[in-house]
Amino acid sequence: MFEVANQPPPLEPCNLFSSDAVLGEAVKREGAAWAEAALGALGETLGRPETVKLGFDANRFPPQLKTFDRYGHRLDEVEFHPAWHDLMTIAVRAGLHSSPWAEPKAGAHVARAAGTYMLTQVESGVYCPIAMTYGAVPTLRQAPEIADVWLPKIYAREYDRRFEPAARKSGALIGMGMTENQGGSDLRTNTTRAEPAGDGSFRLYGHKWFMSAPMCDAFLVLAQSPKGLSCFFMPRWTPDGARNAIRINRLKDKLGNKSNASSEVEFHGAYAWLVGEEGRGIPTIIEMGNYTRLDCCIGSAGLMRQAVTQALHHARHRTAFQKKLIDQPLMSNVLADLAIESEAAAALTFRLARAYDESDEAALAIRRVVTPAAKFWICKRAPMVALEAMEVLGGSGYIEESIMPRLYREAPVNSIWEGSGNVMCLDVLRAIARTPNAADVLRAEIDRGDARLGAFAGKLMDRLASSQRNDETQARALTRDLVLALQAALLLEHAPAAVADAFCASRLAGDGPAFGLLPRGSDLNAITRRAMPN
Ligand SMILES: Cc1cc2nc3c(=O)[nH]c(=O)nc-3n(C[C@H](O)[C@H](O)[C@H](O)COP(=O)(O)OP(=O)(O)OC[C@H]3O[C@@H](n4cnc5c(N)ncnc54)[C@H](O)[C@@H]3O)c2cc1C
């Protein structure tokens, strides 16, 4: 008779907040201790077996486009599995789509970041409309007459799944359409036209090659108006209650992110209002981009945490060659190395989130320079962590039920979306050049009086001060080193010595891209104990 043996018990239920020492410390340190009780409750909800199952179901039954009704009328609607709606309800009820704007207070962006960090560990697709709604608010505020009507809906903690005009709904969500077929990153090549309608509104004609979450209630969209590229607010329904002329041509068949719908759309005279100054569309919508880029860091850091959690859980229960995997010396190096990467990503992400809670000059410089830098590096590391963590589970890690394949497929998206790697690194060069206090602010962030970091940071600062920093061929190297220095500084100040020492001894010494390369003498047990979900 076949006996099931030597398999780990289910990890769930597992409170994603109270089981994560690094997260708990970061929340306190970065100013959101007041949110601990709510985060604990959210972590408990997200870590329940039934919530984890929602994530699996939402991905196994992906959204379906309904272009027409049975009679041939256009619908342009997307139908989701109930699991998607249940997850959206959890996220919106927790305020992850707008709480720092609806209830501003010190630490509000950090608290919200902690909630989304946990959400993305269970399901990343729902994160997309949540992140875009969060990011859209500062841009929307540039159009007070729209903001007056829409922000109360956006601030509501009610997820209203109905496809109805927003006026009849209890809550609203916002998407974004920038990317066109003929040129994505280079937004100036956008061809969508905006024609003034004579009543203060515009009609848009054109397309978007990527427009995710098309069941959002409205979108921020770029289009060429008579004065140049401008930002518009495009509702799904016109003010007189008709379906707006937004045609959903098809849904993208994506590598991962399966639960979420990403669409190709056409605008056939779609109703829209101008947001911000006409002809200044890029600076207007870029404000949203900063927040969604922060969310890419949060999403990738959360994904790494989930991958490392799964790996540690498996390794502490599975025996191979007479020892628990976690006690096999080489495996303990792999696990410790993964844990360090995850902690470094979380530490920098929450430090960055705090800059969004502050408004002094240093915080503004950090937002401007560190957001694209962190997005580049943290999102680049996530697929590598997902891959290595999957391998810790052996063959079972390659099987869908383990969640690892979903994490692996999901992992690259944050690197591509909202400005791909190169675009981020070029933005770092631009940000450093245009932010007068950047060098001083970065030096203050990095200087920790540690000899290893001092030597590394000294060379970095020399490059930042010289004309070398404008060399585009080296933009990735410069950005990587900037992020490594920031992460080392954070770990030296706030993490146990075992973590900080191993990080400096490996990352600052230029270790290769694989994991399990921590040098002899690293306190591997202390590192894995700290990361273990408890
Ligand atoms: C799942 C998913 C969802 C998405 N959802 C949305 C959405 O809701 N709304 C939306 O507007 N967009 C969305 N996008 C689009 C996404 O933002 C773009 O794909 C991304 O910004 C890159 O643009 P692109 O695809 O046109 O690539 P391109 O701009 O053609 O870039 C291709 C490559 O060239 C590099 N590159 C570009 N310029 C330079 C340069 N000067 N020097 C060196 N390298 C360069 C880029 O880094 C990239 O690696 C989504 C994409 C995905 C995958």
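What counts, and at which threshold
Residues numbered from 1 in each chain as written. Predicted model: local features only at pLDDT ≥ 70, side-chain atom pairs only at ≥ 80, totals over all residues. Heavy atoms only, no water. Helix = DSSP H or I, 4+ residues; strand = E, 2+ residues; numbered from the N terminus. Rg over C-alpha atoms; globule rule 2.2 N^0.38 Å. Buried < 20%, exposed > 50% of the residue type's maximum accessible area, 1.4 Å probe, protein only. Contact = heavy atoms within 4.5 Å. Areas by Shrake-Rupley, 256 points an atom, 1.4 Å probe, with all protein chains shown as cover. Lys, Arg positive; Asp, Glu negative; His and termini not counted. Charge placed at Lys NZ, Arg CZ, Asp CG, Glu CD. Near = heavy atom within 4 Å. Polar contact = N/O pair within 3.5 Å; in protein donor to acceptor, adjacent residues only side chain to side chain. 1 Å grid on protein atoms, 1.4 Å probe; cavity = no way out; pocket = protein on both sides within 12 Å on 5 of 7 lines; lining within 4 Å. Points joined across faces, edges and corners; volume = space filled by probe spheres on them. Nonpolar A, V, L, I, M, F, W, Y, C, P; charged D, E, K, R; others polar. Phe/Tyr/Trp six-rings, centres within 6.5 Å; stacked < 30°, edge-to-face > 60°. Salt bridge = Lys/Arg side-chain N within 4 Å of Asp/Glu carboxyl O. Axes fitted to C-alpha atoms, helices over the stretch in contact; angles between N-to-C directions. Parallel < 35°, antiparallel > 145°, perpendicular 65-115°, else oblique. Left-handed = near helix turned anticlockwise from the far one by under 90°. Pairing = 2+ DSSP bridges. Expected span 1.5 Å × (residues − 1). Arc of directions from axis to C-beta.

Looking at this structure, I do not really get the overall build of the protein. What am I missing?
When you go through the protein residue by residue, the secondary structure sums to 19 helices and eleven strands. The globule rule puts the C-alpha radius of gyration for 534 residues at 24 Å, and the 23 Å found for the protein is close to it. For the protein, the spread of C-alpha atoms along the three principal axes comes to 75 × 70 × 40 Å. Here the protein holds 534 residues, and the buried ones make up 59% of them. Across the protein, the fraction of contacts at a sequence separation of at least 24, relative to all contacts at a separation of at least 6, is 72%. Summing over all exposed atoms, the protein offers an accessible surface of approximately 21500 Å²; the carbon and sulfur share of this is 53%. In the protein, 60 positive and 61 negative side-chain charges are present, and the distance between their average locations comes to 2 Å.

Would you take a moment to explain the site of the ligand for this structure?
What surrounds the ligand is a group of 21 residues, the closest being Met178, Thr179, Gly184, Ser185 and Ser212. Measuring from a nitrogen atom of the ligand, one finds a backbone N or O atom of Met176 at 2.9 Å. One of the side-chain N or O atoms of Trp417 is found 3.1 Å from a nitrogen atom in the ligand. When the free accessible area of the ligand is taken as 980 Å², the share hidden by the protein chains comes to 66%. At the level of elements, β3 (174–177), β5 (202–212), α13 (413–416) and α14 (421–434) are the ones that each hand at least two residues to the shell around the ligand.

Before we go on, may I ask you to explain helix α18 (residues 497–506) in this structure?
Each α-helix turn comprises 3.6 residues. Residues three or four places apart therefore point the same way. Of all ten residues in α18, seven are buried; the element is thus mostly enclosed. Turning to α18, its buried residues are Ala498, Val499, Ala500, Ala502, Phe503, Cys504 and Ser506. Residues of α18 that are buried sit in contact with α10 (329–355), α16 (451–465), α17 (475–494) and α19 (524–531).

Which parts of the structure should I look at to understand the layout of surface pockets?
The method is simple in principle: a probe with the dimensions of a water molecule rolls over the atoms, and the space it marks as empty is what remains. Here the second largest pocket is characterised by a volume of approximately 570 Å³. As for the second largest pocket, its lining consists of 24 residues, of which Pro10, Leu11, Gln310, Glu401 and Ser402 are closest to the centre. At the level of secondary structure, the elements contributing two or more residues to the lining of the second largest pocket comprise α3 (49–60) and α9 (281–317). At five residues, α9 tops the list of elements feeding residues into the lining of the second largest pocket. Of the residues that constitute the lining of the second largest pocket, the class distribution is 13 nonpolar, nine polar and two charged.

I'm lost on the packing of aromatic side chains in this one. Help?
In this description, a pair of aromatic rings is defined by centroid distance and the angle of the planes. Using the criterion set out here, one finds twelve aromatic pairs in the structure. Relative to Tyr134, the ring of Trp101 lies with its centre 5.9 Å away and its plane at 35°, an arrangement referred to as tilted. Taken together, the residues span a long stretch of sequence, with Trp101 in helix α5 (residues 99–102) and Tyr134 in helix α7 (residues 127–140) at a distance of 33 residues. On the basis of relative accessibility, which here comes to 0%, the residue Tyr134 falls in the buried class.

Explain the pattern of salt bridges to me, please; I cannot follow it from the model alone.
Side chains carrying opposite charge are able to pair once their charged atoms draw close together. Counted by the stated rule, this structure contains 37 salt bridges. Ionic pairing is found between Arg188 and Asp186, a salt bridge with its closest N-O pair at 3.1 Å. Taking the relative accessible area as the measure of exposure, Asp186 reaches 32% and is therefore partly exposed. In this structure, the salt-bridge partner of Asp427 is Arg368, at a minimum N-O distance of 3.0 Å. Taken together, the residues span a long stretch of sequence, with Asp427 in helix α14 and Arg368 in helix α11 (residues 361–392) at a distance of 59 residues. Salt bridges linked by common partners bring Arg29, Glu30, Arg354 and Glu358 together as one network.

Which parts of the structure should I look at to understand the side chain of Ser506?
The residue Ser506 is located in helix α18 in this model. Polar contacts involving the side chain of Ser506 include one to the main-chain carbonyl oxygen of Ala502, which spans 2.7 Å. Only 3.0 Å separates the side chain of Ser506 from the side chain of Arg507, close enough to count as a polar contact. When neighbours within four sequence positions are excluded, Ser506 is seen to be in contact with Asp511, Leu518 and Pro519.

Before we go on, may I ask you to explain the packing of α9 against α11 in this structure?
Packed helix pairs are specified by the crossing angle of their axes together with the interaxial distance, meaning the distance between the axes. Between α9 and α11, the shortest axis-to-axis distance is 8 Å and the interhelical angle comes to 25°. In terms of their interaxial angle, α9 and α11 are classed as roughly parallel. As for the relative orientation of α9 and α11, their crossing is left-handed in sense.

How should I be thinking about the pairing of β3 in this particular structure?
Successive side chains on a regular strand alternate, one facing one side of the sheet and the next facing the other. Residues Ile174 and Met176 line one face of β3 and the alternating positions Gly175 and Gly177 line the opposite face, and both faces are buried. One ladder, built from four bridges, connects β3 with strand β6 (residues 218–225); its direction is parallel. Counterpart to Met176 in the pairing with β6 is Leu220.

How should I be thinking about the packing of helix α2 (residues 36–46) against helix α6 (residues 108–122) in this particular structure?
It is at 10 Å that the axes of α2 and α6 come closest, and there the two elements cross at 5°. On the basis of their axis angle, the class for α2 and α6 is roughly parallel. Every residue of α6 that contacts α2 at Leu39, Leu42, Gly43 and Leu46 is listed here: Ala111, Ala114, Gly115, Met118, Leu119 and Val122. Looking at side-chain class alone, the contact of α2 with α6 contains eight nonpolar, two polar and no charged residues.

What is the right way to read unusual backbone geometry from this model?
For residues that are not glycine, phi is negative in most cases, and the peptide bond is trans in most cases. The peptide bond linking Glu12 to Pro13 adopts the cis configuration, its omega dihedral lying at 0°. Along the chain, Pro13 turns up in the segment before α1 (21–29). Even without a glycine there, the phi angle at Asn257 is positive, about 55°. Along the polypeptide, Asn257 turns up in the loop between β8 (246–251) and β9 (262–275). In the Ramachandran plot, Phe321 falls in the positive-phi region, its phi being about 55° despite a non-glycine side chain. Mapped onto the elements of the fold, Phe321 is located in the loop between β10 (319–320) and β11 (323–324).

Whenever I open this one, helix α8 (residues 144–155) confuses me. Can you help?
With twelve residues, α8 should reach 16 Å at 1.5 Å per residue; the first-to-last C-alpha distance of 15 Å fits that figure. For α8, every residue scored as buried is listed here: Ile146, Ala147, Trp150, Leu151 and Ile154. One side of α8 holds all its buried residues, which, seen down the axis, span an arc of 120°. Every exposed residue of α8 that faces more than 90 degrees away from the buried side is listed here: Glu145, Asp148 and Val149. Where α8 is buried, its residues meet α7, β3, β6, β7 (228–235) and β9.

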